[in-house]
Amino acid sequence: MVNIVGAGPGDPELITVKGKRLLEEADVIIYAGSLVPKALLGYAKEGCEIHNSASMSLPEVLEVIEKSVAADKKVVRLHTGDPAIYGAIQEQMDALNKKGIEYQVVPGVSSFLATAAALKQEYTLPGVTQTVIITRNEGRTPVPEREKLRSLAAHKATMCIFLSISMLGDVVKELIEGGYEPTTPIAIVQRASWPEQRIFRGTLETICQEIEGKGVDRTSMIVVSHVLGSDYELSRLYAPEFSHGFREASV
Ligand SMILES: C[S@@+](CC[C@H](N)C(=O)[O-])C[C@H]1O[C@@H](n2cnc3c(N)ncnc32)[C@H](O)[C@@H]1O
């Protein structure tokens, strides 16, 4: 059996209870490089075979999985955050399907959610936006024309932008050209939930200067949204005059 497990964003306590149990039971762990906290590997039992997939190709990963399954070993393929978000797991699952190898996927806490926690910020505020867009700037992986940052910016929803910190200048330009005012608030969280977590706040027109020379180059989430400002309407869910299935209005 193969378990594709979300490791969470960095803090080793942010793996699920199920993910931790599967790590403890695993005979073979293949983990996704430096973004997976080493502390999680401490859950491995003695004698567990551990591979870092950073230096492996997909065929090499599949070979380890296939051999291990043939020897009736329990395999954990450990991915950062949640495996479904930029995790490159589809090609692995398709290959496992073709080989008739059984697997399950165990979700994890994605870094865009650890970022909200670090910022102590709700992404969906009444009267501001009810939508979160998860996206990235184009890098070596192409982004379809209709999903370019400038098109998505037109919605003025909360945008969580992965894999793009090294192109922050471009990101800001696209967002402004797409319709966000230069004064729109933006936050950058580097290594959310790790001990070395850092938070930078500014507006689209100030953020590049804000982080200049501070070594904010990798493993950072960019969040742009008016929710980072202070104007919003109160939630209806807890309003005293609002009745719903579990509570009568009290005023
Ligand atoms: C290949 S993607 C993997 C995303 C992962 N599957 C997830 O759900 O968070 C790597 C990108 O995720 C973001 N990222 C991962 N961990 C992060 C963290 N702890 N803090 C901020 N951003 C993080 C960065 O944008 C980084 O470039």
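Analysis parameters
- Residues numbered from 1 in each chain as written.
- Predicted model: local features only at pLDDT ≥ 70, side-chain atom pairs only at ≥ 80, totals over all residues.
- Heavy atoms only, no water.
- UniProt positions renumbered as here; feature names shortened; annotations may be inferred.
- Helix = DSSP H or I, 4+ residues; strand = E, 2+ residues; numbered from the N terminus.
- Near = heavy atom within 4 Å.
- Polar contact = N/O pair within 3.5 Å; in protein donor to acceptor, adjacent residues only side chain to side chain.
- Areas by Shrake-Rupley, 256 points an atom, 1.4 Å probe, with all protein chains shown as cover.
- Domains from an automatic or database assignment.
- Buried < 20%, exposed > 50% of the residue type's maximum accessible area, 1.4 Å probe, protein only.
- Pairing = 2+ DSSP bridges.
- Axes fitted to C-alpha atoms, helices over the stretch in contact; angles between N-to-C directions.
- Contact = heavy atoms within 4.5 Å.
- Phe/Tyr/Trp six-rings, centres within 6.5 Å; stacked < 30°, edge-to-face > 60°.
- Lys NZ or Arg CZ within 6 Å of the ring centre and 35° of its normal.
- Parallel < 35°, antiparallel > 145°, perpendicular 65-115°, else oblique.
- Left-handed = near helix turned anticlockwise from the far one by under 90°.

Going by an unreviewed UniProt entry, the protein chain carries the name Cobalt-precorrin-4 C(11)-methyltransferase and comes from Anaerovibrio lipolyticus. Checking UniProt for the protein chain, the heading Sequence similarities (unreviewed entry) contains the comment "Belongs to the precorrin methyltransferase family." For the record of the protein chain, the UniProt heading Pathway (unreviewed entry) holds the text "Cofactor biosynthesis; adenosylcobalamin biosynthesis."

Q: Would you explain the UniProt feature "domain: Tetrapyrrole methylase" (unreviewed entry) in the protein chain in this entry?
A: Listed under "domain: Tetrapyrrole methylase" (unreviewed entry) in the UniProt record, and renumbered for this structure, are residues 1-207. Taken end to end, residues 1-207 is 30% helix and 21% strand, and its two terminal C-alpha atoms sit 46 Å from one another.

Q: I keep staring at the site of the ligand and nothing clicks. Help me out?
A: Around the ligand lies a shell of 17 residues, among which Ile85, Ser110, Ser111, Ala192 and Ser220 are the nearest. Between the ligand and Thr80, the relevant distance is 2.9 Å, taken from a nitrogen atom to a main-chain nitrogen or oxygen of the residue. Interatomic distance of 2.8 Å between a backbone N/O atom of Ala192 and a nitrogen atom of the ligand. Expressed as a share of its isolated accessible area of 570 Å², the protein-covered part of the ligand is 90%. Looking at the shell around the ligand, you find at least three residues from each of domain 1 (2-106) and domain 2 (111-224).

Q: Explain the pairing of strand β1 (residues 2-6) here, please?
A: Consecutive residues of a regular strand have side chains that alternate between opposite faces of the sheet. Of all five residues in β1, five are buried; the element is thus mostly enclosed. The two faces of β1 match: Val2, Ile4 and Gly6 on one face and Asn3 and Val5 on the other face are all buried. Pairing between β1 and strand β4 (residues 75-79): five bridges, direction parallel. Paired with Gly6 across the two strands is His79, which belongs to β4.

Q: Sorry, what's going on with the sheet that holds strand β9 (residues 198-203) here?
A: Adjacent strands of a sheet pair through backbone hydrogen bonds, lying either parallel or antiparallel. Reading across from one edge, β6-β7-β10-β8-β9 is the order of the five strands in this open sheet, with mixed pairing throughout. Both edges of this open sheet fall to β6 (132-136) and β9, since each of them pairs with a single strand only. In this sheet, adjacent strand axes meet at a mean angle of 20° when their direction is disregarded. Looking at chain direction, strand β8 (residues 185-190) and strand β10 (residues 220-224) are connected through five bridges and run antiparallel. Opposite Ile186, over in β10, you have Val224 as the bridge partner. In the packing of helix α5 (residues 111-119) onto the sheet, contacts are made with β6, β7 (158-162), β8, β9 and β10, and the angle to β10 comes to roughly 70°. Where helix α7 (residues 168-178) meets the sheet, it contacts β7, β8 and β10, and its direction lies at approximately 155° from that of β7.

Q: In this structure, what is going on with the packing of aromatic side chains? I would like to understand it.
A: The description of an aromatic ring pair uses the distance of the two centres, along with the angle that the planes make with each other. Tallied over the entire structure, the rule returns three aromatic pairs. With a centroid separation of 6.5 Å and an interplanar angle of 10°, the aromatic rings of Phe112 and Tyr123 are classed as stacked. Of this pair, Phe112 sits in helix α5 while Tyr123 sits in the loop between α5 and β6; the two residues are 11 residues apart in sequence, bridging distant segments of the chain. We note that Phe112, like Tyr123, is buried. Taken together, Tyr86, Phe112, Tyr123 and Phe162 form an aromatic cluster joined through their ring pairs. Sitting over the ring of Tyr43, Lys20 keeps its end group 5.1 Å from the ring centre. Taking the ring centre of Trp194 as reference, the NZ or CZ of Arg191 above it sits at 4.4 Å.

Q: Explanation requested: the packing of helix α3 (residues 58-70) against helix α4 (residues 90-99) in the structure shown.
A: Two quantities define a packed helix pair, namely the angle between the helix axes and the distance between the axes. Two elements in contact, α3 and α4, have axes whose closest approach is 11 Å; the angle formed by their N-to-C orientations is 45°. When the axes of α3 and α4 are compared, the pair comes out oblique. In the crossing of α3 with α4, the sense of the turn from one axis to the other is right-handed. Between α3 and α4, the residues in contact are Leu58, Val61, Leu62, Ile65 and Glu66 and Glu91, Gln92, Ala95, Leu96 and Lys99, respectively.

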